[in-house]
Amino acid sequence: GAGVSQSPSNKVTEKGKDVELRCDPISGHTALYWYRQSLGQGLEFLIYFQGNSAPDKSGLPSDRFSAERTGGSVSTLTIQRTQQEDSAVYLCATIAEPQGGEQFFGPGTRLTVL
Amino acid sequence: DQQVKQNSPSLSVQEGRISILNCDYTNSMFDYFLWYKKYPAEGPTFLISISSIKDKNEDGRFTVFLNKSAKHLSLHIVPSQPGDSAVYFCAALSGESNYQLIWGAGTKLIIKP
């Protein structure tokens, strides 16, 4: 597709369960971000992938969160043992150039932890 | 500690009038600023940006002004149209990090017909 896609669009899960969120970037975009947006808040940086470099994981809120990017393309964000405070919209963005280029966002995954 | 602040959660403007969205920042290392627009159930889309070497950038109905001494920027939309109703995010890029944007909480703009 022409843009960034994310799946699922909505996910409702029970507290304690694991969830996996997927991001399909724009073909050829070398850098990929994951963000979290909680209600009424700005975008919170989670993790950044750039080519074959080690990812910047400095924004991951706890060790329950992990992400990987396979083959420099699709990325998955995994949240283990979900908590209610994990409820948010999780957004993926990619950029064509690694240095401060315009970020193209997917539509997000709305996660609700009951 | 919020480094990028959008103090107005919402703003209501009459169609055809000017909309002014404000953003303040605290980190003097920020040297590039962007505005994104977000519709419900969609990801943010890039609108306009400005480098710290400039004090104004214009693109059609959208103009961004930067006041470095006040650490303040604003987005002007004129004339405002119903399709401009959205949440607007201000984001900043630091010279220390060439990829990590710091985001404001957003301002919801409502254009009244």
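One can find the structure itself at the top, above this paragraph.
The structure reproduced in this document is the subject of the present report. All residue numbers refer to position in the chain's written sequence, counted from 1. Chain letters and ligand numbers both follow the written order, the letters beginning at A and the numbers at 1. pLDDT decides what is reported in this predicted model: residues at 70 or higher carry local features, side-chain atom pairs at 80 or more are listed and counted, and totals for whole chains, interfaces and linings draw on all residues regardless. Excluding hydrogens and water, the side-chain values take into account all heavy atoms of the structure.

1. Details of the overall build of chain A
Thought 1: Elements are defined by DSSP. Helices are runs of H or I of four residues or more, strands are runs of E of two residues or more, and each kind is numbered from the N terminus. Along its length, chain A carries zero helices and 10 strands.
Thought 2: Of the regular secondary structure in chain A, the N- to C-terminal order runs β-β-β-β-β-β-β-β-β-β.
Thought 3: Whereas a compact globule of 114 residues would reach a radius of gyration of roughly 13 Å, chain A reaches 13 Å, a difference of no more than 12%.
Thought 4: Along the longest, intermediate and shortest principal axes, the C-alpha atoms of chain A span 40 × 25 × 25 Å.
Thought 5: Note on exposure labels: buried denotes an accessible area under 20% of the residue type's maximum, exposed denotes more than 50%, and partly exposed covers the range between, all computed with a 1.4 Å probe on protein chains only. Counting over 114 residues, chain A shows a buried share of 49%.
Thought 6: We call two residues contacting when some pair of their heavy atoms lies within 4.5 Å. Across chain A, every contact between residues at least 6 apart in sequence was considered, and the portion connecting residues at least 24 apart equals 55%.
Thought 7: The protein chains shown are the only cover counted for residues, whose accessible areas, like all others here, come from Shrake-Rupley with a 1.4 Å probe. Counting only carbon and sulfur atoms, one obtains 45% of the accessible surface of chain A, whose full area is about 5500 Å².
Thought 8: The convention is simple: Lys and Arg are positive, Asp and Glu are negative, and His and the chain ends are not counted. Charge coordinates come from a single atom per side chain, which is NZ of Lys, CZ of Arg, CG of Asp or CD of Glu. Averaged over its 10 positive side-chain charges, chain A has a centre that lies 6 Å from the centre of its 12 negative ones. The reference for a compact globule is 2.2 Å times residues^0.38; the radius of gyration itself is calculated from the C-alpha atoms.

2. Points about the sheet that holds strand β7 (residues 75-79) of chain A
Residue and element names in this part refer to chain A.
Thought 1: Between any two strands, pairing holds if DSSP finds at least two bridges. Here four strands make up an open sheet; going across it, the order is β1-β3-β7-β6 and the pairing antiparallel. For this open sheet the edge positions go to β1 (5-7) and β6 (65-69), each flanked by a neighbour on one side alone. Going from strand to strand, the sheet's axes swing by 15 degrees on average, the running direction of each strand aside. Convention adopted: a line fitted to C-alpha atoms gives each axis, helices being fitted over their contacting stretch, and angles between N-to-C directions are expressed from 0 to 180 degrees.

3. Digging into the environment of Ser9 of chain A
All names here are of chain A.
Thought 1: Structurally, the position occupied by Ser9 is in the loop between β1 and β2 (10-13).
Thought 2: Measuring from C-alpha to C-alpha, the distance between Ser9 and Gly108 comes to 6.4 Å, with 99 residues separating the pair along the chain.
Thought 3: Leave out the neighbours within four places in its chain, and Ser9 touches Gly108, Thr109 and Arg110.

4. Here's the deal with the interface of chain B and chain A
Thought 1: Between chain B and chain A, the residue contacts involve 17 residues of the former and 20 residues of the latter.
Thought 2: Each partner contributes to the roughly 1500 Å² buried at the junction of chain B and chain A, and carbon and sulfur atoms together form 58% of this total.
Thought 3: Counted as a polar contact is a pair of N or O atoms within 3.5 Å, where, for protein atoms, one must be capable of donating a hydrogen and the other of accepting one, and residues adjacent in sequence contribute only when both atoms are in side chains. At the surface where chain B touches chain A, the tally comes to five residue pairs in polar contact (both at pLDDT 80 or more).
Thought 4: Elements with a minimum of two residues in the side of chain B that touches chain A: β4 (30-38), β9 (86-94) and β10 (101-103) of chain B.
Thought 5: Considering each element in turn, the side of chain B that touches chain A owes the most residues, three residues, to β4 of chain B. As used here, buried area is the combined drop in accessible area, with a 1.4 Å probe, of two parts when they are placed together.

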